[in-house]
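Notes for the structure review
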Amino acid sequence: MSILVTGGAGYIGSHTSIELIKEGYDVIILDNFYNSKPEALNRIKKISGGDFKFVECDIRDRAGLDKVFAENDIEAVIHFAGLKAVGESCRKPLEYYENNIGGTVTLCQAMRDAGCKKIVFSSSATVYGSNNPSPLREDMPAGGTTNPYGTTKLYIERILEDLYKSDNEWSVVLLRYFNPIGAHKSGLIGEDPNGIPNNLMPYITQVAIGKLNHLNVFGDDYPTHDGTGVRDYIHVVDLAMGHLCALKKACSGTGCDVYNLGTGKGYSVLDVVKAFEKASGQTIKYVVGDRRPGDIAICYSDPSKAKAELGWEAKFGIDEMCADSWNWQKNNPQGL
Ligand code: NAD
Ligand code: UFG
């Protein structure tokens, strides 16, 4: 039996594929390389020391998906494939709805018709919107998303819940990620954004390597300990391990469950800058500017449900996250 990993050449998918292969799973990675490169596959092979299948395919390509399910005995799908840039989603909402929602519907139709009814889905803390106070718990009401990207995650959660309600043979695990950073210890894979990074850590590492002049800190007048935004950063390898636990849950019965994957600790932008400087020995020049529209002050998880029900908790702290992000960037100044 195999595990199909959609978006497995991307940042989180590549780290998860490595841990799956190391655990002895038969892995099939499916990706269209929209936001990743074939070299990621070589690196996965090198780090894991194992083999896997790869299919270049789009999740919106029903015939392509049917072929993958017909040719392989797939037990479950870990579904990472999607577009994820918040700002771009505001400019291109239709592309985001088509790719993320349309692609997920097509994938689930292909799964249903092939009799594969176990799915682990990459959702996001963004589904909590801006009205719930941190620490965020899974039983708080989701909604109030502030951009089309976040809305795709919210709708996909609803679609998968409805799918389970319509057919109790499904097993759905929705994982709400907080802020993944860090990289594999080898320094061979990591986050490899196209163009100017949108997210904090890749921006910091590109300042450190000299590609960018300084970090723009988006506001220092939030109600936080130093005025800058607070987030729950989680090491991508911890996140990957969370998927292995979620997969075991998905394969052990039926149901529809949702879990936060975070550390439960919040760090401000300036906390991260300081931790990165300590871990890397580099000085990060920064300039404080205006708030970024749509940002919230504080967002961190209550991760206790995942610990209680999946037996998972994050192990790495902010110092290791920063050291591993830096190790990846300095070994790969131009990315992959
Ligand atoms: P990523 O862009 O590195 O990986 C996504 C992969 O999916 C890429 O390799 C891309 O080429 C592929 N892909 C996109 N559309 C596809 C399609 N139609 N068909 C086939 N492949 C397609 O992103 P990531 O950071 O690894 O994120 C993985 C998932 O986790 C995404 O769904 C993302 O929305 C979600 N997520 C990410 C974060 C984060 O901060 N990185 C936070 C919360 C949720
Ligand atoms: N920030 C800066 N300067 C930058 C980039 C970010 O000051 O150049 C600040 C932001 O204002 C925020 C913090 O750093 O306070 C983190 O910002 P990121 O863009 O790294 O992450 P977000 O929390 O905004 O968003 C991330 C993902 C989204 C996801 C969301 C909630 O990018 O996909 O977490 O899960 F929806």
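Structural data are supplied above this passage.
Keep in mind that this is a model prediction, so the values were computed, not measured.

Analysis parameters
Residues numbered from 1 in each chain as written. Chains lettered and ligands numbered in written order. Predicted model: local features only at pLDDT ≥ 70, side-chain atom pairs only at ≥ 80, totals over all residues. Heavy atoms only, no water. Helix = DSSP H or I, 4+ residues; strand = E, 2+ residues; numbered from the N terminus. Rg over C-alpha atoms; globule rule 2.2 N^0.38 Å. Buried < 20%, exposed > 50% of the residue type's maximum accessible area, 1.4 Å probe, protein only. Contact = heavy atoms within 4.5 Å. Areas by Shrake-Rupley, 256 points an atom, 1.4 Å probe, with all protein chains shown as cover. Lys, Arg positive; Asp, Glu negative; His and termini not counted. Charge placed at Lys NZ, Arg CZ, Asp CG, Glu CD. Near = heavy atom within 4 Å. Polar contact = N/O pair within 3.5 Å; in protein donor to acceptor, adjacent residues only side chain to side chain. Nonpolar A, V, L, I, M, F, W, Y, C, P; charged D, E, K, R; others polar. Pairing = 2+ DSSP bridges. Phe/Tyr/Trp six-rings, centres within 6.5 Å; stacked < 30°, edge-to-face > 60°. Lys NZ or Arg CZ within 6 Å of the ring centre and 35° of its normal. Axes fitted to C-alpha atoms, helices over the stretch in contact; angles between N-to-C directions. Salt bridge = Lys/Arg side-chain N within 4 Å of Asp/Glu carboxyl O.

The helix and strand tally for the protein stands at 11 helices and 14 strands. Here the C-alpha atoms of the protein give a radius of gyration of 19 Å, agreeing with the 20 Å that 2.2 N^0.38 yields for 336 residues. The buried share of the protein, reckoned over its 336 residues, is 55%. In the protein, the share of contacts with a sequence separation of at least 24, taken over all contacts with a separation of at least 6, comes to 80%. Element-wise, carbon and sulfur atoms account for 49% of the exposed surface of the protein, whose accessible area totals about 14200 Å². Averaged over its 35 positive side-chain charges, the protein has a centre that lies 2 Å from the centre of its 42 negative ones.

Around ligand 2, a shell composed of 21 residues is seen, among which Asn199, Asn216, Arg231, Arg292 and Asp295 lie nearest. The separation between an oxygen atom of ligand 2 and a polar main-chain atom of Leu200 is 2.8 Å. Between Arg231 and ligand 2, the recorded distance is 2.6 Å, taken from a side-chain N or O atom to an oxygen atom. With the chains in place, 89% of the 690 Å² that ligand 2 exposes on its own is no longer accessible. At four residues, strand E8 (residues 215-218) tops the list of elements feeding residues into the shell around ligand 2. Broken down by class, the residue content of the shell around ligand 2 amounts to 11 nonpolar, seven polar and three charged.

Another aspect to go through is the site of ligand 1. Ile12, Asp31, Asn35, Ser36 and Lys84 are the nearest of the 27 residues found near ligand 1. Side-chain polar atom of Asp58 to a nitrogen atom of ligand 1: 3.0 Å apart, as the coordinates give it. Within the side chain of Asn99, a nitrogen or oxygen atom sits 2.8 Å from a nitrogen atom of ligand 1. Within the complex, 96% of the 820 Å² of free accessible area of ligand 1 lies under protein. Taken together, the elements giving at least two residues each to the shell around ligand 1 come down to helix H1 (11-22), strand E5 (118-124) and helix H6 (148-166). Residue contributions to the shell around ligand 1 peak at three residues, all from E5.

Before going further, it helps to examine the sheet that holds strand E14 (residues 298-299). The strand order across the open sheet formed by three strands is E12-E9-E14, and the pairing between neighbours is mixed. The sheet terminates laterally at strand E12 (267-268) and E14, the two strands that pair on one side only. With two bridges joining them, strand E9 (residues 230-231) and E12 adopt antiparallel strand pairing. By the bridge assignment for E12, Arg231 is matched with Tyr267.

A few words on the packing of aromatic side chains. On inspection of all chains with the given rule, the structure shows four aromatic pairs. A ring pair is formed by Phe276 and Trp326, whose centres lie 5.9 Å apart and whose planes are at 80°; its orientation type is edge-to-face. Of this pair, Phe276 sits in helix H9 (residues 269-280) while Trp326 is found in helix H11 (residues 318-331), placing the two residues 50 residues apart along the sequence. Over the ring of Tyr128 we find Arg176, and its NZ or CZ is 4.8 Å from the ring centre.

Once that is clear, we can look at the side chain of Thr106. Relative to the assigned elements, Thr106 resides in helix H5 (residues 93-114). Each residue touching Thr106, except ones within four places of it in the same chain, is listed here: Ile59, Arg60, Arg62 and Leu65.

Read from one edge to the other, the open sheet built from seven strands follows the order E3-E2-E1-E4-E5-E6-E11, with strand pairing classed as parallel. Two strands close off the open sheet at either side, each with one partner strand: strand E3 (53-56) and strand E11 (255-261). Across the sheet, the axes of successive neighbouring strands diverge by a mean angle of 20°, strand direction being ignored. In the sheet, E5 pairs with strand E6 (residues 171-177) via seven bridges, with the strands oriented parallel. Residue pairing across strands places Ser124 opposite Tyr177, the latter belonging to E6.

Now for unusual backbone geometry. Excluding glycine, a negative phi dihedral is what most residues carry, and trans is how most peptide bonds are arranged. Between Ser134 and the following residue, Pro135, the backbone shows a cis peptide bond with an omega angle of 5°. Along the chain, the position of Pro135 falls in the loop between E5 and H6. Despite not being glycine, Phe33 shows a phi value in the positive range, around 60°. Within the secondary structure, Phe33 sits in the loop between strand E2 (26-31) and helix H2 (39-48). A relative accessible area of 16% means that Phe33 is categorised as buried.

The next thing to look at is the pattern of salt bridges. Per the stated rule, a full pass over the model turns up 25 salt bridges. Residues Glu191 and Lys84 are paired through a salt bridge, measuring 3.6 Å at the closest nitrogen-oxygen approach. Placement of the pair is Glu191 in the loop between strand E7 (179-181) and helix H7 (200-208) and Lys84 in the loop between strand E4 (74-79) and helix H4 (86-91), with a sequence separation of 107 residues. For Glu191, a relative accessible area of 15% corresponds to the buried category. Close ionic contact of Glu157 with Arg176 constitutes a salt bridge, the shortest N to O distance being 2.7 Å. Taken together, the residues Glu157 in helix H6 and Arg176 in strand E6 connect sequence positions 19 residues apart.

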